[in-house]
Every structure is written in structure tokens, then in C-alpha cells.
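# Topology and contacts: notes
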Amino acid sequence: MGDGSVAPRLGNMKALLGIVAGAGASYGLYKLITGGSFKRNKKSAANESPGVRSSPPSEATLQPGSLLARVSGLDVVCPRPVDVASGEVIHQSPGNLDPQHLKMLLSCLQTSNNPQDRCRILLTLGNSAAFTVNQNLIREFEGIHIIAGFLSDPTAEVRVQTLNSLNNLCMNIQNQEQIKVYVPQVLELIEMSPVNSDLQLGALRLLTNLSVTDKHQHLLKESITLLLSLLVVSFEALQVQALKVLVNLSSNPDMMDDIVQSQAPASVVLLFDARTAPAVLLRLLTFTGNLKAWRPSAQVADELRRKQDCLFRVMLDESSQLHSRLVQLLSHPDVEIQSQVARILT
């Protein structure tokens, strides 16, 4: 990019990001990979084209090879005859962003005073972060810390887009080393945000990716009670996401002591019911199977029984209602649920 002033670049970003959002760009990693549109449009430009150029506010001309063309995935056709290289139809995707474009987006993010612009910039960065090369570049440009700084933005939607961007960046193991320091802030967002909000969902998605391996799971030791509480107060989407984190944590034997000692709402056993959504029930049974595989000594079990409202007493102790509710689920119409219940009971 050239050495133009910040003001023209911000003007260009407003036009650029408006069209990106209008094109229906999504932040989700799975849509980017499975949607297929990026695979169809992923072609190389004949020459390296100039970046975004200033234009009067009344103009909406798209420059072939510009950042707008690259991030939007739109077919950009030059509006008037020019040289063949820049006049041909160019197909670009966020995976083809050049390093200087990422630098420009991060710079604009830091200087923007408009919440809508910050959302759109974060959305674009989140899209680009679905690709490994951009995950590495954003980290090298100190972009993770820049993006994470907006976890405390006063606008809720900016915080949501920040979580979504960090979620895609978290797919990179090296990036997790930087993202892990923000776990306390992410947990606080879950605790302080409205139940079933996009903020809670985005935060749980990030924690799911961060807890896939056991390297950073210890950072969530104090969050078990929070996750269990969400199960009994939230809707299906949030229940599923909270259970994904709990399943990850319970797959690690080193985490089991912390899990079974955590305080748990007694009503969590009421979820073992045929009326519970299958997607929730299946993950709840997986979590339960992991718990049942843990075998405490008689001494440890006695100590846990003396801990009022701990998860051990709610779900694993002989006095728990769980066993009788599992027996009832043996007649569940879903064959996979029947199978999981049978494995737990045997």
C-alpha cells in the first residue's frame, strides 16, 4: 500500500466494508470451508494490482484487484476499457488477502471511532482468519492483541465480532498461546452477559476451540460451575456449546478431580429426559460417560459425599436420581441415545 493519509483510507474502508457486509460475508469457519463458493472463486490474479484508492463518496466503483474485491468474493468487472490484466474478471477470497491488506485492516480497526465500521473490519478479519496463512500473518502483525483489545468495547456487537475473530484465530495452535491470556475476560463476558445472548454463544465457541487439547484446559478449572449452571437456564444452542466444553474437559483425567468437586445445580439431572433436545441429550450422555469412567477411591468418595451440592453428589453418588432417569431413557426413540445409555449403565 502507499503512504497515503489515514483519512482517505478510512473513507475507503467504509465503502469497502459496507459492500462486504451486504454481500453476506460470514464469520464462521465452517461456512467458509464447506460453503464451496470460495473454492470455486479461488483464482490467481494475473498481476499484483493496486490497493484501495480514494474516490468521491458518490462513487461506488470497485477497483479490480483491490482489497474490496479480495475480501468480498464478488466478481469485480472494470467499468470501462483498460488494459487486459486489470480489466478481466477477478475472483478473490479472504484467503488471497495480501499482507499489506491485513496490516491496513488492523490499522483501521485501531483508529475507527464508528462501531459499525469496527464490526465490519472485525468481520473481515474473522473471515480471513479462517485460512492458516492469514492466521499466522495476523499473529506476526500483533493482530491478536489488537483484536482482543475490543473484548471490552462498549458496543455489544463489536464484542461479538471480536469473539468470532478470535475463535477462527484460535484454530491455530501457536495463536492459542496468545489467546489464552484472555480466558478470564472471556469467562467474565459469559457471566455478565444476558443468558442466551450472542456474546455468551461466541465466548463458548472460543472456549470450545481452546479446550480441544489438554494444554490449556487447566485455565477453565474455575468455570465448571458456570458451565453447569448454563445447562439449566439456557436454550438448546447455548446448552450444546456449554456441553462441548464440558465434554472436552471431562476427556482429560487430570481435570476430573476439579470437575466432580465443582458445585452443580441439582436440577441438572432433570435434563436426562425424553423431552430434552437430542443434540443436548447426546452430549450430556457423553459427558456422563466420561464421569462414570472415573473411579475414585473409597476415601475420596466419602470426602466428596460431604461436599454439599458438588457434581459428584448430584450425578455420581448412589443417592443421585441419575440412575433411575437413565433407565427411563432406554426406551428413547433415538437409537443412538439408547446405545449411549446402555453403555453408561453396563
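That block above? That's the structure.
Residues numbered from 1 in each chain as written. Predicted model: local features only at pLDDT ≥ 70, side-chain atom pairs only at ≥ 80, totals over all residues. Heavy atoms only, no water.

## Here we look at the nonpolar core
Membership of the largest hydrophobic core comes to 85 residues, with the highest contact counts inside it found for Leu125, Ile147, Leu166, Leu231, Leu291 and Met315. If one sorts the elements of this core by residue count, helix α15 (residues 236-250) sits on top with eight residues. Excluding anything up to four places from it in sequence, Leu231 contacts Gln239, Ala242, Leu243, Leu246, Val268, Leu271 and Leu284. (Core = buried A, V, L, I, M, F, W, Y, C linked by side-chain atoms within 4.5 Å. Buried < 20%, exposed > 50% of the residue type's maximum accessible area, 1.4 Å probe, protein only. Helix = DSSP H or I, 4+ residues; strand = E, 2+ residues; numbered from the N terminus. Contact = heavy atoms within 4.5 Å.)

## Description of the packing of helix α12 (residues 183-192) against helix α13 (residues 198-210)
Contact geometry for α12 and α13: axes closest at 8 Å, N-to-C directions at 145 degrees. Both α12 and α13 take part in a crossing whose hand is left-handed. Seen from α12, the contacting residues are Val183, Val186, Leu187 and Ile190; seen from α13, they are Gln200, Ala203, Leu204, Leu206, Leu207 and Leu210. Looking at the contact of α12 with α13, its residues break down into nine nonpolar, one polar and no charged. (Axes fitted to C-alpha atoms, helices over the stretch in contact; angles between N-to-C directions. Left-handed = near helix turned anticlockwise from the far one by under 90°. Nonpolar A, V, L, I, M, F, W, Y, C, P; charged D, E, K, R; others polar.)

## A closer look at a nonpolar patch on the surface
A contiguous nonpolar patch, built from Val195, Val232 and Val233 and spanning about 210 Å² of accessible area, is present on the exposed surface. Mapped onto the elements, Val233 comes out in helix α14 (residues 224-233). (Patch = residues over 30% accessible without salt bridge, like charges linked within 9 Å, V, L, I, M, F, W, Y side chains within 5 Å. Areas by Shrake-Rupley, 256 points an atom, 1.4 Å probe, with all protein chains shown as cover. Salt bridge = Lys/Arg side-chain N within 4 Å of Asp/Glu carboxyl O.)

## Focus: the packing of α14 against α15
Look at α14 against α15: their axes get within 9 Å of each other, and the N-to-C directions meet at 145 degrees. Considering how the two elements wind past one another, α14 and α15 form a crossing that is left-handed. Here Ile224, Leu227, Leu228, Leu230 and Leu231 of α14 come into contact with α15, specifically with Leu238, Gln239, Ala242, Leu243, Val245, Leu246 and Leu249. Among the residues making up the contact of α14 with α15, the classes are represented as eleven nonpolar, one polar and no charged.

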